[in-house]
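# Structure at a glance
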Amino acid sequence: MVPVVKASHDFRRACQEARVDGPLALVPTMGYLHDGHASLIRAARNLAPTVAVTIFVNPTQFGPNEDLSRYPRDLESDLRRCESAGASFVFAPDSPVEIYPAGFQTYVEPGPLAAPLCGARRPGHFRGVATVVSKLFALSRADVALFGEKDYQQLLVIRRMAADLDLGTEVIGRPIVRERDGLALSSRNAYLSPEDRPRATALWKAILAVRERFHAGERDPAALEGLARQGLERAGLVVDYAELRDPIELQPVSRPDPTTRLFLAAFLGKTRLIDNAALGE
Ligand code: PAF
């Protein structure tokens, strides 16, 4: 089975030793791994001889009324997935104290990229993400780190942070992995009841409908966003946001082009689902 380290100092040492053999790739996760994570690990294998995976449900990125206590966990199954996807070793701290020891008080505050979309709906979320990822980069000094585009805003925030703080880790985004019916893979899909599961495809259907309207010539952002909103509401989801933004700065657009991305977040019962895609894909 893939080796597991639990202590930060052991993780630092394992990464240090691995870097002697060549580049080190990092795949940070919160566990409950699915095929999307496995595809990140496999892609990492093509970039570096050593791939370190981290599994840590990071408390600082959850709001007070969010799902930290019920976030799904299954370390045994995660380790099997890491092994079969080709991870070299795993850092899986047993307790948040390993990352946030007594007296911890220093956080990374991201800039304007973290303001809209999930940043506006989940205050403090990206501060928690940036803080934990900066710690993982500092411990590992990885050459590259891979993140899925499902959390597209997170990817941009982390890439900016790594550049701004000269962390020396190149941040690579990888395409969303979807179920056959279009649902983007997410650990949170585990919350969906069998009755709700088919309705979760509403996000992907909304993306397809908006793309179709865009390809038919519609260029009014409000009309395209309204179409997405309608699709989600008709399927019984409660829309958190449905917004078109440019793919670099995440600013609203006055005239969408093929690179413009549609960002969606919606509640299906208590489960918050997100998705995004470029209009021209
Ligand atoms: O995307 C995630 O799983 C988390 O936000 C991350 C990047 C591992 C930080 O906790």
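Structure: see above.
Just so we're clear, the structure is a prediction, and the values are computed from it rather than from any experiment.

## Concerning the site of the ligand
Taken together, Pro28, Thr29, Met30, Asn58, Gln61, Val132, Phe147 and Gln154 are the residues near the ligand. At 2.6 Å from an oxygen atom of the ligand is found a side-chain nitrogen or oxygen belonging to Gln61. For the ligand, an oxygen atom lies 2.7 Å from a polar atom in the side chain of Gln154. About the coverage of the ligand: the protein hides 88% of its 290 Å² of free accessible area. Within the shell around the ligand, the residues separate by chemical class into four nonpolar, four polar and no charged.

## Comments concerning the pattern of salt bridges
Scanning the model with the defined rule gives 18 salt bridges in all. Between Asp35 and Arg81 there is a salt bridge; the shortest N-O distance is 2.8 Å. Of this pair, Asp35 sits in helix H2 (residues 35-45) while Arg81 is found in helix H3 (residues 75-85), placing the two residues 46 residues apart along the sequence. What makes Asp35 partly exposed here is its relative accessible area of 42%.

## Describing the sheet that holds strand E6 (residues 170-174)
With parallel pairing, the six strands of this open sheet are ordered in space as E1-E4-E3-E2-E5-E6. The open sheet is flanked by strand E1 (4-5) and E6, the only strands paired with a single partner. Contacting strand E5 (144-148) and E6, helix H6 (residues 152-164) crosses the sheet at an angle of about 165 degrees to E6.

## Quick look at the layout of surface pockets
In this structure, the second largest pocket spans a volume of roughly 290 Å³. In terms of lining, the second largest pocket is formed by 18 residues, of which the most central are Ile55, Phe56, Val57, Arg73 and Pro93. Looking at side-chain class alone, the lining of the second largest pocket contains 11 nonpolar, two polar and five charged residues.

## Considering the sheet that holds strand E9 (residues 271-278)
Read from one edge to the other, the open sheet built from three strands follows the order E7-E8-E9, with strand pairing classed as antiparallel. Each end of this open sheet is capped by a strand with a single partner; those strands are strand E7 (238-245) and E9. Neighbouring strand axes in the sheet, compared pairwise and without regard to direction, differ in orientation by 10 degrees on average. Pairing of E7 with strand E8 (residues 261-268), which is carried by seven bridges, proceeds in the antiparallel orientation. Paired with Ala242 across the bridge in E8 is Leu264. Sheet strands touched by helix H7 (residues 202-215): E8 and E9. Its angle to E9, the strand with the most contacts, is close to 30 degrees. Where helix H8 (residues 221-234) meets the sheet, its contacts fall on E7 and E8, and the angle it forms with E7 comes to roughly 155 degrees.

Cut-offs applied
- Residues numbered from 1 in each chain as written.
- Predicted model: local features only at pLDDT ≥ 70, side-chain atom pairs only at ≥ 80, totals over all residues.
- Heavy atoms only, no water.
- Near = heavy atom within 4 Å.
- Polar contact = N/O pair within 3.5 Å; in protein donor to acceptor, adjacent residues only side chain to side chain.
- Areas by Shrake-Rupley, 256 points an atom, 1.4 Å probe, with all protein chains shown as cover.
- Nonpolar A, V, L, I, M, F, W, Y, C, P; charged D, E, K, R; others polar.
- Salt bridge = Lys/Arg side-chain N within 4 Å of Asp/Glu carboxyl O.
- Helix = DSSP H or I, 4+ residues; strand = E, 2+ residues; numbered from the N terminus.
- Buried < 20%, exposed > 50% of the residue type's maximum accessible area, 1.4 Å probe, protein only.
- Pairing = 2+ DSSP bridges.
- Contact = heavy atoms within 4.5 Å.
- Axes fitted to C-alpha atoms, helices over the stretch in contact; angles between N-to-C directions.
- 1 Å grid on protein atoms, 1.4 Å probe; cavity = no way out; pocket = protein on both sides within 12 Å on 5 of 7 lines; lining within 4 Å.
- Points joined across faces, edges and corners; volume = space filled by probe spheres on them.

Remember that the coordinates give geometry; whether it matters functionally is a separate question.
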